[in-house]
Amino acid sequence: MEKIPAASAMEWSIDLEKGLRSKNPGKCIEAILEIGPRLEWWNRESRISVAEYKIFHLIPGEDKLFANAILLRLADAFRVGDKRIKTCIVKVFREELKSRRRRSGRKVEDEILSKKKLENYLEILRRVKVVFDEGDVEERALALYLFGCWADFAKDSADVRYVILSSVVSDDVLEVKAALFAAGRFCELANDFASVLMEMLTNRLTSCETSMALKLVGGRALANMCCSLSLANRAYETGLKLLLDSSEENFSAVMLVSLTKLASCWTLLIPQQIELLFSYLAKYRATQIEVTTLTCLQFLFARGVCPCPASRDMVQNFFDMLNQSKFPPAVLRQVLKVLHKMLSYNLPTLPSSEMFMVFSTFLKFIENVNQSSIMSERLVAARVLVNILCKFLGRPKLEHDETAFTLAYQAISFIMDRISELVNSIVTRHTFLVNGLKTTKKGLLDGDQANEELEREVTSLLRSIFYLVENHSDISGLVLDRVGIFLEHLVSTLCRDVSIEKDNFLNYELSECGEEYKTANILKLVFSVTRIIVTCLENPEVEHAETAKVLNSLKLLIDYVCKSTPIGSSTYTIYLLLLHFHSACKCIWRQINPIVYLDDNYTPFYAGSFLHDNTFIAEFGKKMFGGRDNWSSYKAGKRAALQGLWSNAAFIFERLTKMAVSNSSYVWLKTLNLFSHSESQIEYFGIINVKDSLSEAGEEITPKNNLYNYVEILVRAYDGVHLAEKMLKMSAPGLSFTFQRWFLALRAKFLEILVDLSTLLGAVSFLEDSSSCGPEKMTVLVPSMIPLERYRFLVDSLASVSSQLKKLADEFDLLATSFVGMDRKSTRILLCLSAGCSLLAFSTGLFLSIPYLHVSENSVTKCLDGSEGHHRGVLIQDLFERLSLVDSETSKHLWMLLKVYGKSKSCFLSKSGNQAAGLYYEASSIVKLFKYAVSEIVGLQNEARIFCSDETKSQISSHGLKLLLSIIWKWMQIPFRCPDYFFQVRDNVFSELFSMNENGENFDGMSVSLGSHLSLNLCLKLKNMPPSLHLQLSKLYCILSCTVPSPHGKNIEKSWLNSEEWDTDDILALNHKLMRYATGSSTPNAMQDRTNAGSRWTEEYVCFRLNERGQGFSTCLLDVSAFPPGNYKIKWHSCWIDDEGSYGSLLPMNAGPNFAIENSSNSRTMQTEVS
């Protein structure tokens, strides 16, 4: 826990005094500069809560005392010091003023430089005024600057006002400039002062005797006359008259800026100012006025000022004006910035019909700019186009409104056509160089340098396309269509370049002379295009009729690059290219593969094609190690794991593990090796007679011809993941590798549950044909063929598994929200895993509702409705919340089930939005599997209600078990990818709770008297917090809970924290309650009932405001008055809410405090009784 500024004020005051009294001038300057940032920090955190007073043992008014002392010492140093000291003090307070102006929403009375906090402000001003009265011009200017910085408490001083106003009419430019700075600060706080200053400024600016230098200073000061509308209108009219009467370019530019600042403060002045700026833009060409006018327009739009009413005519007039002149490079950049701001503000408000015309005109202007010979201008134009398109696509879309897609297609076509043109130029240049400059290699190098500019432009344009697809997936189909056309054009260009037929394209080998230069550029290009294709194909709404054609063209280029590029520095890029292409194929097969439908003749994932590609990728993986570039090999292994190519990742990490030179790197690489090898066991789940292309011995994977073989594979996978988690935990105890250990533990737990579930189902099923595999070929025994005790055991075990899967889904949800700064893709992967657990829990739990299962009704009810299980309504509602924004048809089925089983009161309603996004974009196969599982289960239940005979119900029950087996099988076919955050090994953000009693003493281990309340002063601190995080997190919440221990105790499941004091159930339960409270989904009655249990448990919620050091302070009154004597522990959990309202859990760094309740009045007690 760090001290707050008020607690350090005495120490700061002493340090300043020592520095000012030092005979070494350098020490004095150093002390003054050191106090500056401290004052800024103090100003930002000048409010002191009750908890802070008690924790830091502060006396009320202590902060005011030391603030006065520090200011008086600085004022005295300004009075007696030399000019270096005076300048240094002015610098400190001007920086402090800038810091204050950057903040908004703070009242002046709360800051330490306010009149309320500084009781000796008159003495402070008097000491500075002495310098003004007795000093030279430079010293008077420094004193005026200080008065301006201290305007908050100097504005009411008559002497200071007189000093400032008398200096305004001085003939010295330096003094007038300083006086107008101070006057401007006074005008912001005092209307009467502003009126007087306005009269003086008008007289000075209109006087013929005033020099141009003073007019420039006075013109800038007019921008401060905005404290009231009447004053601002007077200042605007005065400034406008001066502008129109002036022929001096510099003065006109200054007045344009001042008038723009005045207009930005009052909406009534904006239309007139916009008209003025447009008139000057049309009148002046290629001058400073033109640049200034554009800057003023950019300033207005950057502040969100709308030149109302926004219309097509206004924008069209601006375009007409721009098309009439050719701008120099510097001015053109300003034009593009103004266009960006203007269209960003106006396009979302324009009707679709007008928007189409405006955007088309804008696109024509960008096409004209694109003819520029300066690459930076072309790139800026392309970025502006993409940003405007993103703004447009972000508008709420009306039904049957195709305007957005039409404009998007125009913009994308423009960019892709430009890329094709550039690529054609690059290939043509290479051909010319190879054919015409064969004599010297220097000629080739010179030509290659000439192509660098074109290549950078291509890369930038492709990056813009990638940004569009990544942020607006609904245009993936449009982008994929245009990329396909581009690929065909590229293949045709290359074929024409080498003068061969397309059919013989892959048999052509480049000459040695041009090989090195040409294929390197094509490799970069194909790699960027492949990333775009993969991102497009991950969108489940993309039509896949033409995707095979796109992939065929891409495959031609990839084969061309692989055969043409020599092994060397490009091997890593080729490897990543192959991984991306493999991922693109997976996306296609995942969409068209009937994995989620009952088809007796399907082959998972087009196994032969995938295994062939995997072998090809493996060959390049082996070649990478020949170059001894271990870092590139590590990145390649990481990328393979992120793409779900576990066998390739295992091969790379196994090789790297043998090369590790330190213990820490060995442990990390060994963990990755174990994890990847385990996942490679089930990478091609369900494929038979597969040769392991990465095995040194080329071993054959044995055919998997029954369920027991799959269970053995799952057991081996579980053992490997569990061993990896255990190794990481033993080598990095405490909170190191928190995410990695937690993720591995949950993955191992999921595989373990899957093993148990498969074993249970395997006990009641057999394979009809030993030469085939899959659930469709399995026969499940009907209940009448199974002994009653065995069937009862099966039902009870399935109920327990359902409960475990629901709990595991909650843990994956918690994992996804417990790490600040996690990337979006990693979050989606975790939410997909959570959704899968929820689906399996639902399928297992709802199978138990089939009417035939009354044979074990008592035990099922006990397991599902008791304290150790979950009600069916919880399972249905959890799945409903994940699907409500994804699949409306399936959600209706779930809603009907909710009506049957009842809505659970324990479920919260805040997860559907985030989790729906994760499901929709990351794994559309899960959505299909959800639809399949829900429809089949609902169908079975409907059949069970219609048919009443025991034989029919028994058959339906058998079908239910087979359905559950099929769902598990299909879930295993969905590729598993490692989240990118798994490879982030930096320290995570944790929360640490400090608890103090009323006297500011550590509460842990204290005793209280029977019947007392616990009055706690709390500090919640974030550890390893990034510097900018406190700006994003608006609030922190914490829950404190205390329970009377059960006399029977319970079996505690150790959590990922590896702490003796915490268990997984506590973490999940506290996070569940805290989430409901922080997001506002708890009902008032639920909050009031938190102490209804009386003597058994109590809990309280606390809110913290986070300061910039990552600390928050608050108080809490915990009611333990009904608790019996004994030893207790307070359990706690915390969370954050950011500015957008998103919820995130914070991992606890320490356990809660212990305390004892005693009868004896002689024990050490807290004075906490509430009268």
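Looking up the protein in an unreviewed UniProt entry gives the name Integrator complex subunit 7, with the organism given as Coffea arabica. For the record of the protein, the UniProt heading Sequence similarities (unreviewed entry) holds the text "Belongs to the Integrator subunit 7 family."

Our focus in this paragraph is the packing of aromatic side chains. Summed over the entire model, instances satisfying the criterion amount to 33 aromatic pairs. Geometrically, the ring pair formed by Y121 and F153 is edge-to-face, given 6.3 Å between the ring centres and 65° between the ring planes. Within this pair, whereas Y121 is found in helix 6 (residues 121–134), its partner F153 is found in helix 8 (residues 151–154), the two being separated by 32 residues in sequence. Here Y121 and F153 have matching classes, each one buried. Ring geometry for F743 and F976: centres 6.3 Å apart, planes at 10°, overall stacked. Placement of the pair is F743 in helix 32 (residues 738–762) and F976 in the loop between helix 40 (950–973) and strand 3 (990–996), with a sequence separation of 233 residues.

Let's shift gears to the nonpolar core. By size, the foremost hydrophobic cluster in this structure holds 190 residues, and its most contacted members are W42, F93, W150, L197, F362 and I533. If one sorts the elements of this core by residue count, helix 21 (residues 403–436) sits on top with 13 residues. The next biggest cluster of nonpolar side chains, apart from the first, holds 101 residues, and it includes A717, F750, F880 and V938.

A few words now on the sheet that holds strand 9 (residues 1126–1129). Taken in spatial order, the three strands line up as 4-12-9 in an open sheet, and their pairing is mixed. Of all the strands in the sheet, the pair left with one neighbour each is strand 4 (1006–1009) and strand 9. Here the average twist between neighbouring strands, direction ignored, is 30°.

A contiguous patch of positive charge, built from R463, R531, R824 and K825, is present on the exposed surface. Here K825 shows up in helix 34 (residues 824–847). Classification of K825 as partly exposed rests on a relative accessible area of 41%.

Taken N-terminus to C-terminus, the directions of helix 9 (residues 158–168) and helix 10 (residues 173–189) make an angle of 135°; their axes are 8 Å apart at the nearest point. Overall, the two elements helix 9 and helix 10 adopt an arrangement that is oblique. The interaxial crossing formed by helix 9 with helix 10 has left-handed handedness. Taken together, the residues of helix 10 that come into contact with helix 9 (itself represented by V160, R161, I164, S167 and V168) are E175, V176, A179, L180, A182, A183 and F186. Tallied by class, the residues present in the contact of helix 9 with helix 10 amount to nine nonpolar, one polar and two charged.

On to the pairing of strand 3, then. With seven of seven residues buried, strand 3 lies mostly within the body of the structure. Going residue by residue along strand 3, you find F990, E992, F994 and M996 tucked away on one face and S991, L993 and S995 tucked away on the opposite face as well. Note: strand 3 against strand 5 (residues 1013–1023), seven bridges, orientation antiparallel. Residue pairing across strands places S991 opposite L1022, the latter belonging to strand 5.

Okay, the packing of helix 1 (residues 5–21) against helix 4 (residues 62–80) next. Interhelical geometry of helix 1 versus helix 4 gives an angle of 20° and a closest axis separation of 9 Å. When the axes of helix 1 and helix 4 are compared, the pair comes out roughly parallel. The handedness of the crossing between helix 1 and helix 4 is left-handed. From helix 1, A6, A9, M10, W12, S13, L16, E17 and L20 reach across to helix 4, where they touch D63, F66, A69, I70, R73, L74 and A77. Along the lines of polarity and charge, the residues of the contact of helix 1 with helix 4 split into 11 nonpolar, one polar and three charged.

Looking at the secondary structure, you find S99 in helix 5 (residues 83–102). Overall, S99 belongs to the buried group, its relative accessible area being 5%. Residues S99 and P37, 62 residues apart in the sequence, show an inter-C-alpha distance of 9.7 Å. Leaving out residues up to four positions away in the same chain, S99 has contacts with E40 and R44.

Attention now goes to the pattern of salt bridges. Under the definition given, this model contains 40 salt bridges. The salt bridge partner of R100 is E96, with a shortest N-O separation of 2.8 Å. Remark: E96 and R100 occur in helix 5; sequence separation between them is four residues, near one turn of the helix. Owing to a relative accessible area of 9%, R100 belongs among the buried residues under this scheme. Given the relative accessible area of 2%, E96 is considered buried. For D1066, the salt bridge is made with K1131, and the minimal N-O distance between the two is 2.5 Å. With D1066 in helix 42 (residues 1064–1078) and K1131 in strand 10 (residues 1131–1138), the pair connects residues that are 65 residues apart, well separated along the chain. Its relative accessible area of 27% is what places K1131 among the partly exposed residues. Three or more residues are tied together by salt bridges with common partners; here these are E96, R100, R101, D152, R185 and E188.

Moving on, we get to the environment of S1015. Position of S1015 among the secondary structure elements: in strand 5. Given a relative accessible area of 15%, S1015 falls into the buried group. For the pair S1015 and L1117, spaced 102 residues apart in the sequence, the C-alpha separation amounts to 4.6 Å.

Okay, helix 4 next. Its 19 residues place the ends of helix 4 27 Å apart at the C-alpha level, agreeing with the 27 Å of an ideal helix rising 1.5 Å per residue. Every buried residue of helix 4 is accounted for by E62, D63, F66, A67, N68, I70, L71, L72, L74, A75, A77 and F78. In this structure, the buried residues of helix 4 make contact with helix 1, helix 2 (25–44), helix 3 (50–55), helix 5, helix 6 and helix 7 (137–149).

Our next topic: the confidence of the model for the protein. Confidence in the prediction for the protein averages 76 pLDDT; 70% of positions are at 70 or higher. Within the protein, the element-level pLDDT minimum falls on helix 38 (residues 912–922), averaging 41, and the maximum on helix 7, averaging 94. Low pLDDT, under 50, characterises residues 851–870; the predicted model gives this stretch 43 contacts beyond four residues in sequence or across chains.

Conventions used here
- Residues numbered from 1 in each chain as written.
- Predicted model: local features only at pLDDT ≥ 70, side-chain atom pairs only at ≥ 80, totals over all residues.
- Heavy atoms only, no water.
- UniProt positions renumbered as here; feature names shortened; annotations may be inferred.
- Phe/Tyr/Trp six-rings, centres within 6.5 Å; stacked < 30°, edge-to-face > 60°.
- Helix = DSSP H or I, 4+ residues; strand = E, 2+ residues; numbered from the N terminus.
- Buried < 20%, exposed > 50% of the residue type's maximum accessible area, 1.4 Å probe, protein only.
- Core = buried A, V, L, I, M, F, W, Y, C linked by side-chain atoms within 4.5 Å.
- Pairing = 2+ DSSP bridges.
- Axes fitted to C-alpha atoms, helices over the stretch in contact; angles between N-to-C directions.
- Patch = residues over 30% accessible without salt bridge, like charges linked within 9 Å, V, L, I, M, F, W, Y side chains within 5 Å.
- Areas by Shrake-Rupley, 256 points an atom, 1.4 Å probe, with all protein chains shown as cover.
- Salt bridge = Lys/Arg side-chain N within 4 Å of Asp/Glu carboxyl O.
- Lys, Arg positive; Asp, Glu negative; His and termini not counted.
- Charge placed at Lys NZ, Arg CZ, Asp CG, Glu CD.
- Parallel < 35°, antiparallel > 145°, perpendicular 65-115°, else oblique.
- Left-handed = near helix turned anticlockwise from the far one by under 90°.
- Contact = heavy atoms within 4.5 Å.
- Nonpolar A, V, L, I, M, F, W, Y, C, P; charged D, E, K, R; others polar.
- Expected span 1.5 Å × (residues − 1).
- pLDDT = per-residue confidence, 0-100.

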